[in-house]
Amino acid sequence: MTVVLDLLAKDTRAKDGLAKDQRPRHPEKAHRPDQPLQRKPDWIRVKAPGSPGWAETKRIVKENGLVTVCEEAGCPNVGECWSKKHATFMIMGDTCTRACAFCNVKTGMPEALDRAEPENIAIAVEKLGLEHVVITSVDRDDLEDGGAEHFAQVIGAIRARSPKTTIEVLTPDFLRKPGALEVVVKARPDVFNHNLETVPSKYLKVRPGARYFHSIRLLQQVKELDPTIFTKSGIMVGLGEERNEVLQLMDDLRSAEVDFMTIGQYLQPTRKHHPVVRYVTPDEFKAYQTTAYAKGFLLVSASPLTRSSYHAGDDFARLKAARLAKLGR
């Protein structure tokens, strides 16, 4: 069983950037003109959730007071994942200090960290009997270390209660937070994931608070600090990128010795967010996957519904097997 610990913002609670209380979830987007919403192609459609497994996961999440990215971001895979008791949770609150054009997480000034959160997460992991868990967070530029120590505390608490559970972290970029990365790496997660999200030419509009080459360097530093940790990164396509830009991005990731790459279709949360420029076909995703493997990645997941933590537990087993095969063991 796998659970991804994350916290994003709820698409079903937000219409065009407004929450239930009518306060804008995204003040920076509230007065932007509406963007067109394209009709989704058949290959994007999924079954509505409602299985007994889905209901049980929903009950566990509610009883433990957890927030899931599955619900908050309206993930298309929620029915499949929750039926297997795979949910996606998050640490450090539900408010992000950045305002990416693709993301539906609430923006603003976050609240203070919950000091009980690491232990509460560890208890939930133990109760659910998880074999693999993924921990992510909002960006916390307001914190001196960007939340690095909090990540380390969560990892430590899970290790103490569930020593056999493998741990994957999906972290912010820790931009202008010297020493932060070292804190997380020292806690020794099994997988370190940091998403590039898109090609560098789109950063100004899509991911304005981040820096592409800083993110590449962050992933490279993980390998320099601890070569045994698997590294991973993902992007969305359909934002207006060119194919040759995606291929160059693959080369940049391989130069940083990244092991695992994910590629999925961007889906527009609301009319205030960046529009879908086009829906990439399944055949194009297959071609990206073939090319990425040829460039040397240990593992590649590329499909319209691929998400960064989709099938994370199964993928971790495949990563380990791929590394052993490469070493000839």
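Okay, so let's go over this structure.

Describing the pattern of salt bridges
And then number 1: A full pass over the atoms with the stated rule returns 16 salt bridges.
And then number 2: Here aspartate 226 makes a salt bridge to arginine 188, at a shortest N to O gap of 3.2 Å. Linking aspartate 226 in the loop between helix 8 (212-225) and strand 8 (230-237) with arginine 188 in the loop between helix 6 (180-186) and strand 7 (191-193), this pair joins segments that are 38 residues apart in sequence.
And then number 3: Among the charged side chains, a network of salt bridges with common partners joins Arg98, Asp139, Asp141 and Asp173.

Some words on the state of the cysteines
And then number 1: Evaluation of the coordinates by the stated rule reveals 0 disulfides.
And then number 2: Left without a disulfide partner, cysteine 100 is nearest to the cysteine sulfur of cysteine 103, which lies 6.4 Å away.
And then number 3: On the basis of relative accessibility, which here comes to 14%, the residue cysteine 100 falls in the buried class.

Side note on the side chain of glutamine 268
And then number 1: Here glutamine 268 shows up in the loop between strand 9 (260-265) and helix 10 (282-294).
And then number 2: Of note is the side chain of glutamine 268, whose polar atom sits 2.9 Å from the backbone oxygen of threonine 270.
And then number 3: Sequence-distant contacts of glutamine 268, that is, excluding residues within four places in its chain, are made with Gln35, Pro36, Leu37, His273, His274, Pro275 and Val276.

Description of the packing of helix 8 against helix 9 (residues 243-255)
Helix-helix packing: each pair is described by the crossing angle between the helix axes and the interaxial distance.
And then number 1: At a minimum axis separation of 8 Å, helix 8 and helix 9 run at an interaxial angle of 35 degrees. On the side of helix 8, the interface is formed by Tyr212, Phe213, Ile216, Leu219 and Gln220, while helix 9 contributes Leu249, Asp252, Leu253 and Ser255.

Section: unusual backbone geometry
And then number 1: With a phi angle near 50 degrees, phenylalanine 174 is a residue other than glycine that sits in the positive phi range.
And then number 2: Along the chain, phenylalanine 174 turns up in the loop between strand 6 (166-170) and helix 6.
And then number 3: In this structure phenylalanine 174 comes out as buried when scored by relative accessible area, which is 5%.
And then number 4: At arginine 188, a residue that is not glycine, the phi angle is positive and equals roughly 60 degrees.

Notes on the pairing of strand 9
And then number 1: With 6 of 6 residues buried, strand 9 is to be regarded as a mostly interior element.
And then number 2: Taking every second residue as pointing to the same face, both faces of strand 9 are buried, with Phe260, Thr262 and Gly264 on one and Met261, Ile263 and Gln265 on the other.
And then number 3: Note on the crossover from strand 8 through helix 9 to strand 9: the handedness is right-handed.
And then number 4: When strand 9 meets strand 10 (residues 299-302), the two strands line up parallel, connected through 4 bridges.

Some words on the packing of aromatic side chains
And then number 1: As enumerated under the stated definition, the model contains 4 aromatic pairs in all.
And then number 2: Relative to phenylalanine 316, the ring of phenylalanine 230 has its centre 5.9 Å away and its plane inclined at 90 degrees; by these criteria the two rings are edge-to-face. Taken together, the residues span a long stretch of sequence, with phenylalanine 230 in strand 8 and phenylalanine 316 in helix 11 (residues 312-326) at a distance of 86 residues.
And then number 3: What makes phenylalanine 230 buried here is its relative accessible area of 5%.
And then number 4: Feature note: the residues Tyr203, Tyr212 and Phe213 constitute an aromatic cluster, connected by ring pairs.
And then number 5: Here arginine 254 stacks its cationic end above the ring of phenylalanine 297, 5.5 Å away from the centre of that ring.

Thresholds applied
- Residues numbered from 1 in each chain as written.
- Predicted model: local features only at pLDDT ≥ 70, side-chain atom pairs only at ≥ 80, totals over all residues.
- Heavy atoms only, no water.
- Salt bridge = Lys/Arg side-chain N within 4 Å of Asp/Glu carboxyl O.
- Helix = DSSP H or I, 4+ residues; strand = E, 2+ residues; numbered from the N terminus.
- Disulfide = S-S within 2.5 Å.
- Buried < 20%, exposed > 50% of the residue type's maximum accessible area, 1.4 Å probe, protein only.
- Polar contact = N/O pair within 3.5 Å; in protein donor to acceptor, adjacent residues only side chain to side chain.
- Contact = heavy atoms within 4.5 Å.
- Axes fitted to C-alpha atoms, helices over the stretch in contact; angles between N-to-C directions.
- Right-handed = clockwise from strand over helix to strand, strands pointing away.
- Pairing = 2+ DSSP bridges.
- Phe/Tyr/Trp six-rings, centres within 6.5 Å; stacked < 30°, edge-to-face > 60°.
- Lys NZ or Arg CZ within 6 Å of the ring centre and 35° of its normal.

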